[in-house]
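Coordinate inspection notes
Okay, here's what each chain looks like letter by letter:
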Amino acid sequence: MKRIVVLGSGFAGMQAVIDLERLFRKAPGYEILLISDQNYVLFTPLLPQIASSQIDPRHIAQAVRDVRGHRRFRFLRDTVRTIDLANRRIDAASGPIAYDSLVIALGSRTNYFGVPGAREHTYDFKSLEDSIALRERVLDLCEHADHITDENARRGLLTFAVVGGGYTGVELLTDLRDFLFDYIARHFRGISRNTIRLVLVEASDSILNGIHPLLRAHAMKRLKAEGIEILYNSRVTRCFEGGIEINQKENLQAATIVWTAGVRAHEIVEALPGAHDRAGRAQVNEYLQMENFPEVFVAGDSAVASSAAGLPENAPQVAPVAIAHGKIAARNLAHRERNEPLESYRYVSQGMLVSLGARDAVVSVGGIQIHGSFAWLFWNAVHLYKLVNLKKQFQVAVDWSLGTIFPRDAVLFRRSGACKLCAAASNASAIAPEVKRTTV
Ligand SMILES: Cc1cc2nc3c(=O)[nH]c(=O)nc-3n(C[C@H](O)[C@H](O)[C@H](O)COP(=O)(O)OP(=O)(O)OC[C@H]3O[C@@H](n4cnc5c(N)ncnc54)[C@H](O)[C@@H]3O)c2cc1C
């Protein structure tokens with residue numbers, strides 16, 4: 001019996017295992033094993049909507065066993081520690097696992113670019129846990145800020161900075177804006193809109209680099225109009241508790257800093273032998289195989305494929321690329337077992353869709369550039385369609401629909417506890433008067 005192992009249940013790994021199962025369904029001499037440290041597939045594009053309390057976290061995660069259905073691959077929830085390519089063995093937390101062929105799809109991790117204090121003092125935004133933790137943080141600070149007496153201290157608690165003006169940073173901040181301005185400022189009587197500060201910190205002179213200039217200009221205008229400050233040409237040089245240093249000169253005080261400035265390949269992938277690009281991705285050939293190890297394929301955020309000419313294809317680390325890699329890796333693994341010619345991977349851009357919060361988005365697809373309500377509807381339709389299955393599509397559609405009728409859910413799972421920031425900033429025994437407003 002030959003064993004095919006797939007590492008990672010993300011977009012690339014899940015696509016690979018589903019296709020492998022189909023390609024080897026009538027080949028009883030093969031065993032297919034999926035190993036991942038999470039027992040679900042996560043639809044990352046909707047993570048900002050978890051942080052902003054728009055959808056329920058479970059609705060964007062699909063259990064691997066539900067995706068598997070009647071397929072015959074096995075699933076092992078385990079953590080991979082290292083990969084021994086020479087001996088064809090994986091060292092997992094539960095022990096060693098041998099393989100005959102391997103697909104590595106372990107994804108990426110946050111790139112802090114060596115900025116001192118960034119790892120310790122900023123919120124990561126890569127996983128379901130990260131988005132839940134951020135949502136809790138936002139609500140926790142609002143609960144404290146609601147009754148704090150010192151106006152400056154309240155502003156400090158309600159300053160949220162996002163580092164990185166790529167699509168993740170923009171979508172996160174615009175979603176948070178909707179939550180804070182349209183829900184929090186209306187339902188927390190001690191908080192008004194003008195005490196909330198939202199800042200996007202970008203190292204270059206533009207946000208959403210890589211998207212059409214017209215759409216970029218629209219996004220910049222829209223964010224400004226919505227009360228989001230954008231600091232251009234602002235490289236974060238140090239992070240500390242409650243703030244960041246910019247360009248080694250000025251400090252920005254913010255109780256919450258989220259780091260969305262870049263990604264690197266998984267550390268296990270970075271430790272593999274052979275060439276890697278600047279982001280630590282394993283340099284694989286046009287068939288997604290590792291140099292000197294033709295039985296090993298690397299896919300998704302972990303891989304950078306070479307063109308037929310041997311030059312790296314500059315494919316971004318996005319879901320459509322991971323899915324395409326997963327498909328090609330599975331097919332080439334099957335071709336190799338059957339002594340058939342392998343298929344080359346070619347990067348084809350599928351466009352870019354970025355939500356700008358309620359009723360606005362920028363969309364660049366097939367040479368067409370649109371923004372506004374139609375683009376926003378298109379963004380919603382595409383994301384709903386791309387969700388794993390009908391159950392998840394239905395759950396998210398219901399969350400969105402209920403959100404148009406009822407207020408968002410501000411349930412804080414954590415009980416009241418000591419908050420260092422609040423204790424330092426306020427006289428805890430004093431209760432601030434409610435902000436006067438005409439509608440509550
Ligand atoms: C907040 C956010 C928003 C995004 N929005 C978009 C978007 O709108 N559009 C888009 O196209 N892309 C988006 N992306 C990027 C997209 O999610 C990635 O490009 C894609 O997930 C890469 O797929 P992958 O399979 O390579 O890795 P992943 O999906 O990250 O999967 C990696 C898998 O490996 C597992 N794993 C990791 N380490 C171990 C270990 N040691 N042992 C066992 N298993 C392990 C993980 O649990 C996971 O199952 C977004 C990403 C984030 C974080």
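Residues numbered from 1 in each chain as written. Predicted model: local features only at pLDDT ≥ 70, side-chain atom pairs only at ≥ 80, totals over all residues. Heavy atoms only, no water.

**Here's the deal with the site of the ligand**
Note the cut-off: Consider each residue's heavy atoms; a residue with any of them within 4 Å of a molecule or strand counts as near. Whenever two N or O atoms come within 3.5 Å, that pair is a polar contact, provided that in protein one can donate a hydrogen and the other can accept it, and provided that, for residues adjacent in sequence, both atoms are side-chain atoms. Per-residue and other accessible areas follow the Shrake-Rupley method at a 1.4 Å probe size, with only the shown protein chains counted as cover for residues. Where helices and strands are cited, they refer to DSSP runs of H or I of at least four residues and of E of at least two residues respectively, numbered from the N terminus. Residues are grouped as follows: Ala, Val, Leu, Ile, Met, Phe, Trp, Tyr, Cys and Pro are nonpolar; Asp, Glu, Lys and Arg are charged; every other residue, Gly included, is polar.
In the vicinity of the ligand lie 30 residues, with Asp37, Thr44, Val80, Asp301 and Ala319 positioned nearest. In the model, a nitrogen atom of the ligand is placed 2.8 Å from a nitrogen or oxygen of the Val80 main chain. The backbone of Ala319 places a nitrogen or oxygen atom 2.9 Å from an oxygen atom of the ligand. Taking 1,000 Å² as the accessible area of the ligand by itself, protein coverage stands at 88%. The element contributing the most residues to the shell around the ligand is helix H10 (residues 319-337), with three residues. Among the residues forming the shell around the ligand, the class breakdown is 14 nonpolar, 12 polar and four charged.

**Quick look at the pairing of strand S13 (residues 197-201)**
Formally: Working definition: with a 1.4 Å probe on protein chains only, accessible area under 20% of the residue-type maximum means buried, over 50% means exposed, and in between means partly exposed. Whether two strands pair depends on DSSP finding at least two bridges between them. Looking down the strands as they point away from you, a crossover is right-handed if its path from the first strand over the helix to the second goes clockwise.
Where burial is concerned, most of S13 is hidden: four out of the five residues are buried. Relative to S13, strand S12 (residues 159-163) runs parallel, the two sharing five bridges. The residue bridging Val162 from the neighbouring strand is Leu200, located in S13. Following the backbone out of S12, through helix H7 (residues 167-187) and into the adjacent parallel S13, one traces a crossover that is right-handed.

**Let's talk about the packing of helix H1 (residues 11-23) against H10**
Applied cut-off: Think of each axis as a best-fit line through the C-alpha atoms, taken over the contacting stretch in the case of a helix, with angles from 0 to 180 degrees between the N-to-C directions. Note on terminology: angles under 35 degrees are roughly parallel, angles over 145 are roughly antiparallel, angles of 65 to 115 are roughly perpendicular, and the others are oblique. Each crossing gets its handedness from the near helix: less than a right angle anticlockwise from the far helix is left-handed, clockwise is right-handed. We call two residues in contact whenever any of their non-hydrogen atoms come within 4.5 Å of each other.
For the pair H1 and H10, the least separation of the axes is 7 Å and the interaxial angle reads 30°. Viewed along their axes, H1 and H10 adopt a mutual orientation that is roughly parallel. Handedness of the H1/H10 crossing: right-handed. For the pair H1 and H10, contact is made by Phe11, Ala12, Gln15, Ala16, Asp19, Leu20 and Leu23 and by Ala319, Ala322, Ile323, Gly326, Lys327, Ala330, Arg331, Leu333 and Ala334, respectively. By residue class, the composition of the contact of H1 with H10 is 11 nonpolar, two polar and three charged.

**Side note on the nonpolar core**
Basically, it comes down to this: In plain words, nonpolar cores are sets of buried Ala, Val, Leu, Ile, Met, Phe, Trp, Tyr and Cys residues tied together by side-chain atoms within 4.5 Å.
The biggest cluster of nonpolar side chains holds 62 residues, and the ones touching the most others in it are Leu46, Ile60, Leu180, Ile184 and Leu200. The biggest single contributor to this core is H7, with 10 residues.

**Considerations on the packing of aromatic side chains**
Spelled out, the test is: Classification of ring pairs rests on two measures: the distance between centres of Phe, Tyr or Trp rings, Trp counted by its six-membered ring, which must be within 6.5 Å, and the angle between planes, read as stacked under 30 degrees, edge-to-face over 60 and tilted in between. Geometrically, a charge over a ring is one whose NZ (Lys) or CZ (Arg) sits within 6 Å of the ring centre while staying within 35 degrees of the ring normal.
Considering all chains together, one arrives at four aromatic pairs under this definition. With a centroid separation of 5.8 Å and an interplanar angle of 15°, the aromatic rings of Phe179 and Tyr183 are classed as stacked. Of the two residues, Phe179 and Tyr183 both sit in helix H7, four residues apart, roughly one turn of that helix. The class for Tyr183 is buried, based on a relative accessible area of 12%. The side chain of Arg68 reaches across the aromatic face of Phe73, ending 6.0 Å from its centre. Lying across the ring of Phe24, Arg338 places its NZ or CZ 5.4 Å from the centre.

**Concerning the pattern of salt bridges**
Counted only if it meets this: What makes a salt bridge here is a side-chain nitrogen of Lys or Arg within 4 Å of a carboxyl oxygen of Asp or Glu, nothing more.
Counting across every chain of the model gives 24 salt bridges. As a salt-bridge pair, Arg177 and Asp182 come within 3.7 Å of each other at their nearest N and O atoms. Put simply, Arg193 and Asp182 hold a salt bridge, and the shortest N to O gap is 3.3 Å. Linking Arg193 in the loop between H7 and S13 with Asp182 in helix H7, this pair joins segments that are 11 residues apart in sequence. Classification of Asp182 as partly exposed rests on a relative accessible area of 33%. Members of the salt-bridge network, linked through shared partners, are Arg177, Asp178, Asp182, Arg193, Arg222, Glu226 and Asp360.

**What to know about the side chain of Ser306**
Locating Ser306 in the fold gives a position in the loop between strand S23 (303-305) and H10. For Ser306, a relative accessible area of 8% corresponds to the buried category. A polar contact is formed between the side chain of Ser306 and the side chain of Gln283, at a distance of 3.4 Å.

**Things to note about the sheet that holds strand S15 (residues 236-240)**
The strand order across the open sheet built from three strands is S15-S16-S17, with neighbouring strands paired in antiparallel fashion. Of all strands in the sheet, those with a lone pairing partner are S15 and strand S17 (250-253), marking the two edges. Averaged over all pairs of adjacent strands, the angle between their axes in this sheet comes to 25°, without regard to strand direction.

**Points about the environment of Ile35**
Take Ile35: it is sitting in strand S2 (residues 30-36). We classify Ile35 as buried; its relative accessible area is 1%. Not counting residues within four places of it along the chain, the set of residues in contact with Ile35 comprises Val5, Val6, Leu7, Gly8, Leu76, Asp78, Val80 and Ile97.

**Examining the pairing of S2**
The buried fraction of S2 is high, at seven of seven residues. By the alternation rule, side chains of S2 split into Tyr30, Ile32, Leu34 and Ser36 and Glu31, Leu33 and Ile35, which are all buried. As judged from the six bridges shared by strand S1 (residues 2-7) and S2, these two strands associate in the parallel manner. Looking across to S2, one finds that Arg3 is bridged to Glu31. Note that the unit made of S1, H1 and S2 has a crossover that is right-handed. Across four bridges, the pairing between S2 and strand S5 (residues 74-77) is parallel. Bridge assignment links Leu34 to a residue of S5, and that residue is Phe75.

**Description of the domain arrangement of the chain**
Quick note on the threshold: Note that the domain bounds reflect an automated or database-derived domain assignment. Summed over both partners, the accessible surface that disappears when two parts come together, traced with a 1.4 Å probe, is what is meant by buried area.
Taken domain by domain, the chain comprises domain 1 (2-37 + 78-110 + 263-337) and domain 2 (118-261 + 351-425). Computed from C-alpha atoms alone, the centre-to-centre distance between domain 1 and domain 2 is 33 Å. In this assembly, seven residues from domain 1 lie in contact with four residues from domain 2. Among the residues of domain 1 in contact with domain 2, Thr110, Val263 and Val318 are the three that bury the most area, contributing 72% of the side total. Scanning the region where domain 1 abuts domain 2 turns up zero salt bridges. The element best represented in the side of domain 1 that touches domain 2 is strand S10 (residues 108-110), accounting for three residues. Here the residues of the side of domain 1 that touches domain 2 are counted per class, giving two nonpolar, three polar and two charged.

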